[in-house]
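Residue strings, one per chain:
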Amino acid sequence: MKIICIGRNYVAHARELNNEIPVEPVFFMKPDSALLRNNDPFYIPDWTTEVHHEIELVIKINRVGKNIETKFAQRYFDEIGLGIDFTARDIQNKLKEKGLPWEKSKAFDQAAVIGGKFFPKTGFHDQGDINFKLDINRNPVQEGNSGLMIFGLEEIISHVSKYVTLKMGDLIYTGTPAGVGPVKIGDHLEGFLEDKKLLDFMIK
Ligand code: ZN
């Protein structure tokens, strides 16, 4: 399986990092070796001093698809979950300055946190109104709502599948709302999808 991440999909987040508002979805990928499951602790790598949390809604692809039209995109996922796109921001900024690819700052081991449970999309009253949140040490640091996405789930699936064949089990991280910031050793992270706590782990 592969992990596809959408960047700059919320206006307030693009602005907080001084990025332009994109006119089409920005995407990048992480390898399956980046997955961090089961609420295992996250270990800050020794080559970065600034790992940022990015809480994101995640959709799980349920069949093979290529060149998917927006109007058919709903057929390609049944479930919605929650994850964190950990980013070594210091490294990413250096790479961006030089115009180099972001992989080192995004694709490293443990950089794709995923909640243990996914929920049927039919259980959400409106895919354009899904709330999610990240708390650190019981303080809310990021609060998102899918209605604030620049590109919705169907547009994301359609756009990505123009370039990359989607396969069953692929995960798409759909972008982070504003409020990204560094994590430090000893932090306790808790992620919520609506009222359900799906992430609950420590930074070490
Ligand atoms: Zn992200």
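Residues numbered from 1 in each chain as written. Predicted model: local features only at pLDDT ≥ 70, side-chain atom pairs only at ≥ 80, totals over all residues. Heavy atoms only, no water.

Draft legend 1. Structural detail: the environment of lysine 162. For lysine 162, the location among the structural elements is in helix H4 (residues 153–163). Taking the relative accessible area as the measure of exposure, lysine 162 reaches 47% and is therefore partly exposed. Distance in space between the C-alpha atoms of lysine 162 and glycine 65 is 9.4 Å, their sequence separation being 97 residues. Sequence-distant contacts of lysine 162, that is, excluding residues within four places in its chain, are made with Lys66 and Asn67. (Helix = DSSP H or I, 4+ residues; strand = E, 2+ residues; numbered from the N terminus. Buried < 20%, exposed > 50% of the residue type's maximum accessible area, 1.4 Å probe, protein only. Contact = heavy atoms within 4.5 Å.)

Draft legend 2. The arrangement of the environment of aspartate 40 in detail. Along the chain, the position of aspartate 40 falls in the loop between strand S3 (35–36) and strand S4 (51–53). Note on aspartate 40: relative accessible area 36%, which makes it partly exposed. Distance from aspartate 40 to glycine 65, taken between C-alpha atoms, is 32 Å for residues 25 residues apart in sequence.

Draft legend 3. Here's a closer look at the coordination of the zinc ion. Summarising the metal site, the zinc ion is bound by the protein donors Glu54 (OE), Glu56 (OE) and Asp85 (OD), whose distances to it range over 2.0 to 2.1 Å. Written as a sequence motif, the donor residues of the zinc ion are E-x1-E-x28-D. Of this pair, glutamate 56 sits in strand S5 (residues 55–61) while aspartate 85 sits in strand S6 (residues 77–85), and the two are 29 residues apart along the sequence. Of the residues examined, glutamate 56 reaches a relative accessible area of 0% and is grouped as buried. (Donors = N, O, S within 2.8 Å, 3.2 Å for Na, K, Ca; no water.)

Draft legend 4. Representation of the nonpolar core. Ranked by internal contacts, the top residues of the largest apolar core, which has 46 residues, are Ile84, Phe86, Ile157, Ile172, Leu189, Leu193 and Phe201. If you list the elements that add at least two residues to this core, you get strand S1 (3–7), S5, S6, helix H2 (89–98), strand S10 (131–136), H4, strand S14 (188–193) and strand S15 (196–202). If we skip the residues at most four places from it in the chain, isoleucine 84 touches His53, Glu54, Ile55, Ala111, Ala112, Val113, Leu134, Tyr173, Leu189, Leu199 and Phe201. In terms of nonpolar packing, the next biggest core, distinct from the first, is built from 12 residues, Ile3, Phe28, Leu35 and Phe118 among them. (Core = buried A, V, L, I, M, F, W, Y, C linked by side-chain atoms within 4.5 Å.)

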